Amino acid sequence: METDVILIGAGPIGLETACALKHAGVDYIHLEAGQIGQTIYDWPRHARFFSSPERVAIAGIPVQTHDQEQLIGEVYLAYLRSVVEIYDLDIHLYEPVTAIERSDTGFVVTSNKRGTARNYRSRYLVLATGDMNTPNRLGIPGEELPHVSHRFDEPHRYFRQKLLVVGGRNSALEAALRCFRAGAYVSLSYRRPYLDSSRTNSRLHLELSILTRKNYIPFYPSTVPVAVGPEHVDLGPSRYGGASKRETGLIRVDADFVLLLTGFQGQVEWLKNLGAGFHPESEIPKINEATMETSVPGLFVAGTAVSGNQQSYKVFVATAHEHGPKIVRAITGTSHAPFGTVPSRRYPFTIQDIASKDS
Ligand SMILES: Cc1cc2nc3c(=O)[nH]c(=O)nc-3n(C[C@H](O)[C@H](O)[C@H](O)COP(=O)(O)OP(=O)(O)OC[C@H]3O[C@@H](n4cnc5c(N)ncnc54)[C@H](O)[C@@H]3O)c2cc1C
């Protein structure tokens, strides 16, 4: 099948890009590995966003909530469904892309629809595949045991169970706090010597600081898991040091369950295989900020996929609203009317404005 643009990924920014393409009358095909908003769907639906509602609203459609507070995932997914219905977007759901190649005229994309390979050809390709595709694996013995997970599902599972949470960013702190409140016996291991307020949401940081200081949640700073057993985890010293006594030996922590919340990586391999340039010493693709085009002509990146690897750069929904319109402008050569009719819904945010810890 041939089209002008193939768009991969139907997270918030993939959807916003689809709205921009449709708004401009561009012929495109939209492929999504799972359901719309799959990244958010994969997390506990009651996890609360850190961004305020207007910052995660897309395509000029405001989010209205009963309490004007930050959204939970379930509400955001309902909102995304409404956006798809309002714009009547055509998305090939549950059709993961398995391969991308360059052709003389653009790109050939292969997908897998229920076991059957499908091929699509286009002049332009937009990757809106996010930055949470693959968990950062530690490569330690026991990591594949059934009581070890790289994703937080929901707290009930851990009631009256010993749970070791590994990590010190928002997802780890959120999991530790919610499981503690749900009656789990939570411990926390983090590779850095302290929980860094500049890297975490202020509410979570405050709560965890109190709980760890009072030892309601035993905290093992400057440690990393070195092996997981059926009922324990051995923690060794991390390269960040700072916990003098602990640096010398292993600490054995009892654990019925282990959550390794140590971050994720995007699909940088595709970009590399297609020949896109990367900034030296990082996994960040080189992108023309005005057009979102990579160094490969016709290959664009939108949303958090811009980060390449979320360890090294941070893009939020709020700072990515311009990605879709920029791509459409680059492809069509013309600017289209902004989304929506409410001036305050035109997202006058920049990365400098809001790329702060709580965005
Ligand atoms: C609990 C939680 C709270 C969060 N809070 C905030 C917040 O407050 N503010 C904020 O800005 N962000 C927040 N985030 C992060 C938010 O999820 C991302 O910022 C947002 O989803 C990025 O949108 P995106 O469209 O760029 O990528 P994603 O939402 O990650 O979408 C990428 C899509 O691409 C699809 N895809 C990947 N590979 C393929 C493939 N091979 N073939 C086809 N499709 C593919 C995926 O299935 C996915 O649907 C939060 C995330 C979680 C989990």
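Residues numbered from 1 in each chain as written. Predicted model: local features only at pLDDT ≥ 70, side-chain atom pairs only at ≥ 80, totals over all residues. Heavy atoms only, no water.

(A) The arrangement of the sheet that holds strand 13 (residues 251–254) in detail. Across the sheet, which stays open at both edges, the three strands sit in the order 11-12-13 with antiparallel pairing between neighbours. The strands lining the two open edges of the sheet, one partner per strand, are strand 11 (223–228) and strand 13. The average angle at which neighbouring strand axes cross in this sheet is 35°, direction not considered. (Pairing = 2+ DSSP bridges. Helix = DSSP H or I, 4+ residues; strand = E, 2+ residues; numbered from the N terminus. Axes fitted to C-alpha atoms, helices over the stretch in contact; angles between N-to-C directions.)

(B) The arrangement of the environment of Lys326 in detail. Along the chain, the position of Lys326 falls in helix 8 (residues 323–332). Sequence-wise, Lys326 and Phe278 are 48 residues apart; in three dimensions their C-alpha atoms are separated by 20 Å.

(C) The packing of aromatic side chains, seen in detail. In the structure shown here, the tally under the stated rule is six aromatic pairs. With a centroid separation of 6.4 Å and 45° between ring planes, the pair formed by Phe180 and Tyr216 is classed as tilted. Of the two residues, Phe180 is situated in helix 5 (residues 170–181) and Tyr216 in the loop between helix 6 (202–213) and strand 10 (219–220); the sequence distance between them amounts to 36 residues. An aromatic cluster of at least three residues, connected via ring pairs, comprises Phe49, Tyr76 and Tyr79. Of note, Lys272 hangs over the ring of Phe278, and the distance from its end group to the ring centre comes to 5.5 Å. (Phe/Tyr/Trp six-rings, centres within 6.5 Å; stacked < 30°, edge-to-face > 60°. Lys NZ or Arg CZ within 6 Å of the ring centre and 35° of its normal.)

(D) Just the sheet that holds strand 10, in detail. The sheet built from five strands is open, its strands ordered 7-14-8-9-10 with parallel pairing. Each end of this open sheet is capped by a strand with a single partner; those strands are strand 7 (148–149) and strand 10. Across five bridges, strand 8 (residues 162–166) lies against strand 9 (residues 185–189) in parallel orientation. Along strand 9, the bridge assignment pairs Lys162 with Tyr185.

(E) Just helix 4 (residues 73–87), in detail. Relative to the 21 Å expected for 15 residues at 1.5 Å per residue, helix 4 spans 21 Å between its end C-alpha atoms, a close match to the ideal helical length. Each element contacted by the buried residues of helix 4 is listed here: helix 1 (12–23), helix 2 (38–41) and helix 3 (53–56). After helix 4 finishes, the residue Asp88 shows a positive phi value of roughly 50°. (Expected span 1.5 Å × (residues − 1). Contact = heavy atoms within 4.5 Å.)

(F) Broad picture of the packing of helix 5 against helix 6. Across the interface, helix 5 lies against helix 6 with an axial gap of 10 Å and an inter-helix angle of 55°. Relative to helix 6, the element helix 5 lies oblique. Both helix 5 and helix 6 take part in a crossing whose hand is left-handed. Across the interface between the two elements, Asn170, Leu173, Glu174, Ala176, Leu177, Phe180 and Arg181 of helix 5 pack against Arg203, Leu204, His205, Glu207, Leu208 and Leu211 of helix 6. Per-class residue counts for the contact of helix 5 with helix 6 are seven nonpolar, two polar and four charged. (Parallel < 35°, antiparallel > 145°, perpendicular 65-115°, else oblique. Left-handed = near helix turned anticlockwise from the far one by under 90°. Nonpolar A, V, L, I, M, F, W, Y, C, P; charged D, E, K, R; others polar.)

(G) Main features of the site of the ligand. Glu32, Thr39, Phe50, Ser51 and Thr304 are the nearest of the 31 residues found near the ligand. In this structure, an oxygen atom belonging to the ligand sits 2.9 Å away from a main-chain N or O atom of Ile13. At 2.6 Å, a backbone N or O of Phe50 approaches an oxygen atom of the ligand. (Near = heavy atom within 4 Å. Polar contact = N/O pair within 3.5 Å; in protein donor to acceptor, adjacent residues only side chain to side chain.)

(H) Representation of the pairing of strand 13 in the model. By the alternation rule, side chains of strand 13 split into Ile251 and Val253, which are all buried, and Arg252 and Asp254, of which none is buried. Bridge analysis of strand 12 (residues 232–237) against strand 13 gives four bridges, and the strand direction is antiparallel. Counterpart to Leu235 in the pairing with strand 13 is Ile251. (Buried < 20%, exposed > 50% of the residue type's maximum accessible area, 1.4 Å probe, protein only.)

(I) Layout of the domain arrangement of the protein chain. Per the domain assignment, the segments of the protein chain are domain 1 (2–133 + 264–354) and domain 2 (137–260). Each of domain 1 and domain 2 was reduced to a C-alpha centroid, and the two centroids are 32 Å apart. Counting residues at the interface gives ten residues for domain 1 and twelve residues for domain 2. For the pair domain 1 and domain 2, the two sides together bury roughly 950 Å², of which 53% comes from carbon and sulfur. When residues of domain 1 are sorted by the area they lose upon contact with domain 2, Trp43, Pro44 and Phe50 head the list and together hold 53% of the total. Connecting domain 1 to domain 2 are zero salt bridges. Seen at the junction of domain 1 and domain 2, the total is zero residue pairs in polar contact (both at pLDDT 80 or more). (Domains from an automatic or database assignment. Buried area = accessible area lost by both parts, 1.4 Å probe. Salt bridge = Lys/Arg side-chain N within 4 Å of Asp/Glu carboxyl O.)

(J) Just the nonpolar core, in detail. Counting residues in hydrophobic clusters, the biggest one holds 67 residues, and the most contacted among them are Leu15, Tyr76, Tyr79, Leu89, Ile100 and Leu125. With seven residues, helix 4 is the largest single contributor of residues to this core. Excluding residues within four positions of it along the chain, Leu125 makes contact with Ile6, Ile8, Ile100, Phe107, Val109, Leu274, Gly298, Leu299 and Phe300. (Core = buried A, V, L, I, M, F, W, Y, C linked by side-chain atoms within 4.5 Å.)

(K) Spotlight on the packing of helix 1 against helix 4. As a packed pair, helix 1 and helix 4 sit with axes 11 Å apart at the nearest point and diverge in direction by 15°. One way to sum up the angle between helix 1 and helix 4 is to call them roughly parallel. The handedness of the crossing between helix 1 and helix 4 is left-handed. Two secondary-structure elements touch here, helix 1 through Pro12, Leu15, Cys19 and Lys22 and helix 4 through Tyr76, Leu80, Val83, Val84 and Tyr87.

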